[in-house]
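Working through the structure, step by step
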Amino acid sequence: MSNAVWRLARKPPAGWPVAEDFRWRHEIIPEPGPDQMLTRTIYLSLDPYQWGRRRSGAEQPGDICHGRTVSQVVRSRLKSYVDGDVVFNTNGWQAYGLTGANVDFFGYMSPRKIDPQLAPISTAIGILGMLGLTAYAGLVVQCEPKPGDTIVVSAASGGVGQVVCQLGRIYGCRVVAIAGSNEKLEYLKTIGVDAVVSHRSAGFSEELRYACPDGCDIYFENVGGAVFDAVLPLLNDQSRIALCGLISQYGNVDGQDPRSRWRAVGSAVFERNRVSVHDLFVGNFVADYQDRFLEEMGAYVRAGEVQYLEDKRHGLENTPEVFAQMLCGENFGKTLMVVSEDPTLADAEGRQIAL
Ligand SMILES: NC(=O)c1ccc[n+]([C@@H]2O[C@H](COP(=O)([O-])OP(=O)(O)OC[C@H]3O[C@@H](n4cnc5c(N)ncnc54)[C@H](OP(=O)(O)O)[C@@H]3O)[C@@H](O)[C@H]2O)c1
């Protein structure tokens with residue numbers, strides 16, 4: 001048996017991912033050394049920031065493509081894990097990976113054990129993971145929503161956006177959701193947003209203004225570009241923005257920093273209307289907020305107060321294609337690859353598969 005692996009083939013020269021950026025390999029499954037464990041990837045998270053790492057050179061040609069994963073321990077030489085445990089880790093775009101001593105992970109993406117009794121294990125790379133924490137940190141911690149506030153959310157049906165929308169509803173706000181397709185807008189209505197607007201509509205700016213008769217108190221920015229241009233005139237005095245991401249700019253090839261340009265576009269309105277702009281980086285919130293977040297969000301998920309739509313795609317070999325689709329809006333919900341069988345799901349006869 002061999003390990004299937006995607007490695008970065010080159011520093012991507014173009015705006016969006018193409019097949020030539022990645023190399024598919026079959027390699028020897030590594031043996032865990034002392035204080036290491038071998039895990040089998042079950043779910044792989046595909047996220048926009050992975051493209052930023054590749055384009056910036058933070059990920060080098062030849063490196064295994066980075067990605068957060070939910071995995072199962074195959075062989076543990078770590079005292080705190082036993083074979084069969086389900087864990088959150090960062091195996092990346094490969095079927096098997098090592099975790100533990102001398103294996104790099106982002107400082108804030110520490111491996112941890114997952115309790116399959118608490119929630120479906122895939123949520124550890126979604127609503128009960130960094131994406132949920134991003135939504136919570138930006139909306140609840142940075143923007144401090146008050147009942148009656150109008151919140152505008154861009155990329156609202158995506159991994160982060162759908163959580164922001166539902167937190168906004170729980171905190172008593174009026175939620176205006178922006179997304180691309182009718183299918184996404186219909187879904188957003190089912191999770192309780194107050195108004196939906198398509199950024200693909202010819203009358204987008206007018207429709208957004210109509211959806212925000214009292215202006216916008218909080219803007220959760222995932223997109224930038226034309227969507228930001230339409231939100232800008234609606235910002236109320238002392239409104240707040242969580243600057244989470246600018247996905248419309250991630251394919252730019254002009255070499256400019258999208259955040260600096262975004263700030264330049266908004267600066268006159270920010271000053272005139274005393275707008276607080278909060279740069280959001282989820283890694284800054286893990287130490288102080290992750291436990292509180294997991295407790296609060298875990299309770300919402302178990303009580304069914306917060307729904308979570310996942311866009312599960314199958315086959316590690318299809319990862320680059322799905323990654324490019326996600327960046328261009330062809331995902332519907334949180335995008336993740338199903339790399340191998342989830343042992344916590346019931347089989348076709350409804351029997352629970354033993355861990
Ligand atoms: N700051 C942090 O620490 C942090 C952490 C996690 C994520 N993020 C950011 O959060 C944002 C959302 O990430 P996610 O993982 O939840 O992705 P996602 O929303 O699940 O997927 C991306 C979505 O962006 C929308 N989009 C793409 N290009 C667009 C364009 N030109 N104009 C308008 N919308 C466009 C598409 O939705 P539509 O079809 O609706 O257009 C697409 O489905 C990204 O900007 C990401 O970088 C930041």
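This next bit is on the overall build of the protein chain. Within the protein chain one finds nine helices and 15 strands. By the compact-globule yardstick of 20 Å for 355 residues, the protein chain fits well, its C-alpha radius of gyration being 21 Å. Here the C-alpha coordinates of the protein chain stretch approximately 60 × 45 × 35 Å along the principal axes. Per-residue burial over the protein chain gives 45% buried out of 355 residues. Looking at the protein chain alone, contacts between residues at least 24 apart form 68% of all its contacts between residues at least 6 apart.

When its domains are assigned, the protein chain resolves into domain 1 (3-125 + 308-338) and domain 2 (130-283). Between domain 1 and domain 2, the C-alpha centre-to-centre distance is 28 Å. Broken down by element, the side of domain 1 that touches domain 2 gets its largest block of residues, three residues, from helix H1 (residues 48-56). Its residues assigned to classes, the side of domain 1 that touches domain 2 comprises seven nonpolar, six polar and two charged.

Before going further, it helps to spend a moment on the site of the ligand. Near the ligand there are 32 residues, and of these Gly-158, Gly-159, Gly-180, Gly-245 and Ser-248 occur at the shortest range. For the shell around the ligand, the elements supplying multiple residues, two or more each, are H1, helix H2 (130-142), helix H6 (225-231) and strand S15 (334-338). A breakdown of the residues in the shell around the ligand according to their chemical character gives 14 nonpolar, 15 polar and three charged.

Let us look at the sheet that holds strand S13 (residues 276-279). Read from one edge of the open sheet, six strands run S10-S9-S8-S11-S12-S13, paired in parallel fashion. Either end of the sheet is taken by a strand with one partner, and the two such strands are strand S10 (195-198) and S13. Shown here is a sheet whose adjacent strand axes are inclined to one another by a mean of 15 degrees, direction ignored. Bridging between strand S12 (residues 235-243) and S13 involves four bridges; their strand directions are parallel. In the sheet register, Ala-242 faces S13, and the bridge partner there is His-278. Contacts from H2 reach strand S11 (216-221), S12 and S13, with the element oriented near 150 degrees to S12.

With that out of the way, let us pick up the nonpolar core. In terms of nonpolar packing, the biggest core is built from 93 residues, with Val-153 and Ala-177 touching the most fellow members. With eight residues, the top contributor of residues to this core is H2. Setting aside chain neighbours within four positions, we find Ala-177 in contact with Val-153, Ala-156, Cys-165, Leu-188, Val-193 and Val-196.

Now for the environment of Phe-220. For Phe-220, the position within the fold is in strand S11. When the C-alpha atoms of Phe-220 and Ile-64 are compared, they prove to be 32 Å apart, with 156 residues separating the residues in sequence. Apart from residues no more than four positions distant in its own chain, Phe-220 is found in contact with Gly-138, Leu-139, Ile-151, Val-153, Ser-154, Val-164, Ala-242 and Cys-244.

Strand direction decides the pairing type here: S11 and S12, joined by five bridges, are parallel. When the bridges of S12 are listed, Phe-220 appears paired with Ala-242. For the segment spanning S11, H6 and S12, crossover handedness is right-handed. Read as a crossover between parallel neighbours, the route from S12 over helix H7 (residues 258-272) to S13 is right-handed.

Moving on: helix H3 (residues 161-170). Most of H3 sits out of view: eight of its ten residues are buried. Those residues of H3 lying buried are Gly-161, Gln-162, Val-163, Val-164, Cys-165, Gln-166, Leu-167 and Gly-168. Summarising the contacts, the buried residues of H3 are in contact with H2, strand S8 (150-153), strand S9 (174-179), helix H4 (182-190) and S11. Gly-172 occupies a position one or two residues after H3 and carries a positive phi of about 80 degrees.

Cut-off values and rules
- Residues numbered from 1 in each chain as written.
- Predicted model: local features only at pLDDT ≥ 70, side-chain atom pairs only at ≥ 80, totals over all residues.
- Helix = DSSP H or I, 4+ residues; strand = E, 2+ residues; numbered from the N terminus.
- Rg over C-alpha atoms; globule rule 2.2 N^0.38 Å.
- Buried ≥ 20, exposed ≤ 12 C-beta atoms within 10 Å, placed from the backbone.
- Contact = placed C-beta atoms within 7 Å.
- Domains from an automatic or database assignment.
- Nonpolar A, V, L, I, M, F, W, Y, C, P; charged D, E, K, R; others polar.
- Near = placed C-beta within 6 Å.
- Pairing = 2+ DSSP bridges.
- Axes fitted to C-alpha atoms, helices over the stretch in contact; angles between N-to-C directions.
- Core = buried A, V, L, I, M, F, W, Y, C linked by C-beta atoms within 7 Å.
- Right-handed = clockwise from strand over helix to strand, strands pointing away.

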